[in-house]
Structure formats: C-alpha cells, structure tokens
Amino acid sequence: MPDVTYYGHWICPFAKRVKFVLANRGIEHDEIIVPPQAVRPKGMTLPPEFLQWSPRREIPMIRYKGHYLTDSIPIMEFLEREIAENPMLPADPVARAAVMERVRWLDLNLMLSAVRVYYGITPEGIATGSRDLAAAFAQMETWLTGQKWLCGSEPTLAEAIAIPIYVRLNGLRRLGFSWDGPGPELARHIRQCEMLRGWTAVAWTGEQEDEFTGRFLKYREIKNRPPAV
C-alpha cells in the first residue's frame, strides 16, 4: 500500500492542485474519489475516515502514514516536508518563502477571480470576474518575462496553483470570460505546463469540460429564475 492516499475529484480546482503535485513529483498514491459538496449525489456514503478528518466535508484530503490533512496549500507544503524526492519548493529558506508568497497571491487573485466568473449570475458580476482574472494573467505575464517559470528556472508550487485554471480556460470562456488571450510569455508558460509530468493527471476530457460548463449554466438559470408567484 502506498504511503499516500488522495481524496479528491476532477472538477475541484483545489483538489487538482494536490493531484498535480502528486503526479508531477512521482509520488505513488492511492486515490479515493470524493465529489465536492456541490456535485455530490444525495445519499452518497462518504468514507468514514473522510467524515472523521474533514469536518467541513471538503476536498482535497490526504492520508500519509496514518496522518490526515486537509486544505490544498497546507497539504502541498506538508508533502514537501515529508517526501524529499523531486521537490517543488527550493531548499533555500528565502527562496522558499518567496515562492510561497507567490502561491498565496495566485490563490487570492487568480483562483478567486476564476471562481467569480463561473459562479457569476449577472452580466455585471461575470464582467467583474473577467477583468480581475485578466489582470491576474497580466501580472503573471510580467513575472514570466525573462524567466522560464513563475518563480525562476524550475516549476514550483506556483505552477500547481495556475495549472487548474489553465485546464479550465476553455470552460471559463464558455461561461463568459472575456479576454484577448494570453500574451507571448503566458502562452509559452501554458505550453510548458502542458509538457510537465503532472499535466495528464489533471487535464480535462471534452466530456468533463462540457459537464463543468453545463453545471454552471444550469446554476445561473436556477439563480436567475423568477420567484414563483
């Protein structure tokens, strides 16, 4: 049995971060599919250890040698501390702190802007999310000018935050993300990410993209439905 068990689902970008890191670092792991609450079938029996160790019933969660941990960024940092092979954080403390600062920036600006697009229920809300997401991509373009990856010469946990958004870019466009497209540096970065070992573990099929967009189009339809008289 591998030391790591991963609890997650393909539609959750936070779970995708951890799945990408596990695959990209070559960390052998078991996988238990646990849908996020929004897409969880009614009456689904959840694993008892998930009920015990994820009080909010949220993914991702991992088990490592009997230790359970939730929340994507703490999980990725934990894996860096516990497993030495193929790290995605630099050993130097100053450089490591700089990467984690960028990780938190991406989590706050890139990720939340994408969420505002696909959870947007009004044209104004979707447009605001689009502007914020385009601004986050513009900042990433600046970071990538003159360097190969978001934090230097090697892929780091910053890529793990960006890649789930890259995976759902077509879906975001279908849900109203208005954007002229990536600049040359960001386009190059996306192509490089697609060649990473972990990309195939998190890339969507056409059916998954259709399900993602369909769910949020239905969500908007329900939210915008006139109240019953």
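Right above here is the structure, for reference.
Residues numbered from 1 in each chain as written. Predicted model: local features only at pLDDT ≥ 70, side-chain atom pairs only at ≥ 80, totals over all residues. Heavy atoms only, no water.

Undergrad: Could you clarify how one ought to interpret the environment of Arg-40 in this entry?
TA: Inspection of the secondary structure assignment puts Arg-40 in the loop between β2 (29-33) and α2 (48-53). With sequence-adjacent residues up to four places away left out, Arg-40 is seen in contact with Val-34, Pro-35, Leu-46, Phe-50 and Arg-57. A polar side-chain atom of Arg-40 sits 3.0 Å from the main-chain carbonyl oxygen of Arg-57. (Helix = DSSP H or I, 4+ residues; strand = E, 2+ residues; numbered from the N terminus. Contact = heavy atoms within 4.5 Å. Polar contact = N/O pair within 3.5 Å; in protein donor to acceptor, adjacent residues only side chain to side chain.)

Undergrad: What is the right way to look at the pattern of salt bridges in this model?
TA: Side chains that carry opposite charge are capable of pairing whenever their charged atoms lie near each other. Following the criterion strictly, the structure yields 11 salt bridges and no others. Here Arg-116 ties to Asp-132 by a salt bridge, and the two come within 3.7 Å at their closest N and O atoms. A residue pair is termed long-range when its members are at least 10 positions apart, and Arg-116 in helix α4 (residues 93-118) and Asp-132 in helix α5 (residues 123-144) qualify at 16 residues. Classification of Asp-132 by relative accessible area gives partly exposed; the value is 33%. Where Arg-215 meets Glu-211, a salt bridge forms, and the shortest distance between an N and an O atom there is 3.1 Å. In this pair, Arg-215 and Glu-211 are both assigned in helix α10 (residues 206-223), four residues apart and thus about one turn of the helix distant. By relative accessible area, Arg-215 is classed as partly exposed at 35%. By relative accessible area, Glu-211 is classed as partly exposed at 33%. (Salt bridge = Lys/Arg side-chain N within 4 Å of Asp/Glu carboxyl O. Buried < 20%, exposed > 50% of the residue type's maximum accessible area, 1.4 Å probe, protein only.)

Undergrad: I keep staring at the packing of aromatic side chains and nothing clicks. Help me out?
TA: By convention here, two paired aromatic rings are described through the distance between centres and the angle between planes. This model, assessed by the stated rule, comprises 16 aromatic pairs. On the basis of an interplanar angle of 90° and a centroid distance of 5.4 Å, the ring pair of Tyr-119 and Tyr-219 is categorised as edge-to-face. Here the residue Tyr-119 occupies a position in the loop between α4 and α5, and Tyr-219 occupies one in helix α10, the gap between them amounting to 100 residues. Using a relative accessible area of 36% as the deciding quantity, one classes Tyr-119 as partly exposed. Taking the relative accessible area as the measure of exposure, Tyr-219 reaches 26% and is therefore partly exposed. Aromatic pair Phe-137 and Tyr-166: ring centres 6.5 Å apart, planes at 25°, arrangement stacked. Here Phe-137 is found in helix α5, whereas its partner Tyr-166 is found in helix α6 (residues 157-167), with 29 residues between them in sequence. (Phe/Tyr/Trp six-rings, centres within 6.5 Å; stacked < 30°, edge-to-face > 60°.)

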